[in-house]
Amino acid sequence: CKTSERKSRGGKAETWSRGAAKEKTLECGQIVWGLAFSAWPAAEDGDSDPACAVGLPCLVLATGLNDGQIKVWEVQTGHLLFSLLGHQDVVRDLSFAPNGSPILVSASRDKTLRVWDLSRDVLFPSGDTFLLSPGRQVQVLSGHVQWVYCCSISPDCSMLCSAAGEKSALLWSMRSYTLIRRLEGHQSSVVSCDFSPDSALLVTASYDACVIMWDPYTGEQLRTLRHVPLHSALDSSSEIHTSSLRSVCFSPEGLYLATVADDRLLRIWALEFRSPVAFAPMTNGLCCMYFPHGGFIATGTRDGHVQFWTAPRVLSSLKHLCRKALRTFLTTYQVLALPIPRKLKEFLTYRTF
């Protein structure tokens, strides 16, 4: 693998960048199926092989490849930090731990998820002793019978959800790396999942044209959002399977969802409603992601484009901000045990909005 650079030349690119910007290509040598960014801890004095400048954090990018490899790069320099080997088929999705720790989870067509610790020295058991390994695989999660398409780590880093084209999604503990429960309720393949910013909610999207909102702590289904065809937005002469829902994601403040389906629509949902509050026509949509600070949504398409959309902005109510702050460190069971009125418990556990 190599990194190639070239300066922007001519026209708008040069005007915008003042001639200083560069295009950078990370040559992975394989089809790239999955990507994940993460901040990397700053190097310390005396580090013999620092990934970043001493005292300064940097940005790393993990790439999941067609041959089962994962390559982790330092973005600014294009330096290859790790080549992670273990998967036997395409690495379809990647997810870094949101708390900044060097934990990476990968999902593969070999029907497994693998947990990697990218810190330099990792202790792992070997018989009656412990051995040191320089940032390698620490766990293999098996339980799916189909290709694993999607994985998502909860913001509090306590749970992992995975979807594998089966009618159920799997919820795992990130502390013990064991299966917590199967989330059963969809009538067709589950293809996408995402946690709310406070970890109190989990959403799954399926080919059955439904998004189910779950309480991940209890496994309870809280709400189902059904994708009803909007015929006026479709070309009646084409054969579009509206049941093929592709992607779902939470907004940064946790009050909205975005979904992409094969009915040529990007939909925006507010949590308190069961119908979209906004939609936009798009074709060949495969995935969607909110900008981390809100206000924009990026969508990826089959024809090789990334499109950007303005999204509804909202000023969170004080009630929601308090709920979000509490649910960041309180589980559903802990909330239910509080000596507070029932209606307040229902609000804090998203039974009412």
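Everything numeric here is computed off the predicted structure, so don't read it as measured data.

1. Regarding the overall build of the protein chain
A tally of helices and strands in the protein chain yields 4 helices and 27 strands. Of all 353 residues assigned to the protein chain, the portion counted as buried reaches 46%. Contacts spanning at least 24 positions in sequence make up 44% of the contacts within the protein chain whose residues lie at least 6 apart. Accessible area of the protein chain: about 18000 Å², with a carbon and sulfur share of 55%.

2. Topic: unusual backbone geometry
In this structure, Tyr 177 takes a positive phi of about 55° despite not being glycine. Considering the arrangement of structural elements, one finds Tyr 177 in the loop between strand 15 (168-173) and strand 16 (179-184). The phi angle at Ser 199 is positive, at roughly 70°, despite the residue not being glycine. Locating Ser 199 in the fold gives a position in the loop between strand 17 (190-195) and strand 18 (202-206). Overall, Ser 199 belongs to the buried group, its relative accessible area being 1%.

3. What about the UniProt feature "domain: SOCS box" (unreviewed entry) in the protein chain?
As recorded in UniProt, the feature "domain: SOCS box" (unreviewed entry) lies at residues 317-353. Summarising residues 317-353: 59% helix, 0% strand, and an end-to-end C-alpha distance of 11 Å.

4. Thoughts on empty space enclosed by the protein
Counting across every chain of the model gives 1 cavity of 30 Å³ or more. In this structure, the largest cavity encloses a volume near 30 Å³. Taken together, Ser 196, Pro 197, Asp 198, Leu 201, Glu 253, Gly 254, Leu 271, His 320, Lys 324 and Tyr 350 form the lining of the largest cavity. A breakdown of the residues in the lining of the largest cavity according to their chemical character gives 4 nonpolar, 3 polar and 3 charged.

5. Quick word on the UniProt feature "repeat: WD" (unreviewed entry) in the protein chain
The positions UniProt marks with the feature "repeat: WD" (unreviewed entry) are residues 61-83, 84-119, 141-182, 183-224 and 238-272. For residues 61-83, the helix share is 0%, the strand share is 65%, and the end-to-end C-alpha distance is 12 Å. Its end C-alpha atoms 13 Å apart, residues 84-119 is made of 0% helix and 53% strand.

6. As for the sheet that holds strand 15
Judged by pairing direction, the sheet is antiparallel, and its 4 strands sit side by side in the order 13-14-15-16 without closing on themselves. Looking at strand neighbours, the two that pair on one side only are strand 13 (150-153) and strand 16, the edges of this open sheet. Within the sheet, the average angular offset between the axes of one strand and its neighbour, ignoring direction, is 20°. Summarising the sheet, strand 14 (residues 159-163) and strand 15 pair through 4 bridges and their orientation is antiparallel. Of the residues in strand 15, the one forming a bridge with Leu 160 is Trp 172.

Criteria and cut-off values
- Residues numbered from 1 in each chain as written.
- Predicted model: local features only at pLDDT ≥ 70, side-chain atom pairs only at ≥ 80, totals over all residues.
- Heavy atoms only, no water.
- Helix = DSSP H or I, 4+ residues; strand = E, 2+ residues; numbered from the N terminus.
- Buried < 20%, exposed > 50% of the residue type's maximum accessible area, 1.4 Å probe, protein only.
- Contact = heavy atoms within 4.5 Å.
- Areas by Shrake-Rupley, 256 points an atom, 1.4 Å probe, with all protein chains shown as cover.
- UniProt positions renumbered as here; feature names shortened; annotations may be inferred.
- 1 Å grid on protein atoms, 1.4 Å probe; cavity = no way out; pocket = protein on both sides within 12 Å on 5 of 7 lines; lining within 4 Å.
- Points joined across faces, edges and corners; volume = space filled by probe spheres on them.
- Nonpolar A, V, L, I, M, F, W, Y, C, P; charged D, E, K, R; others polar.
- Pairing = 2+ DSSP bridges.
- Axes fitted to C-alpha atoms, helices over the stretch in contact; angles between N-to-C directions.

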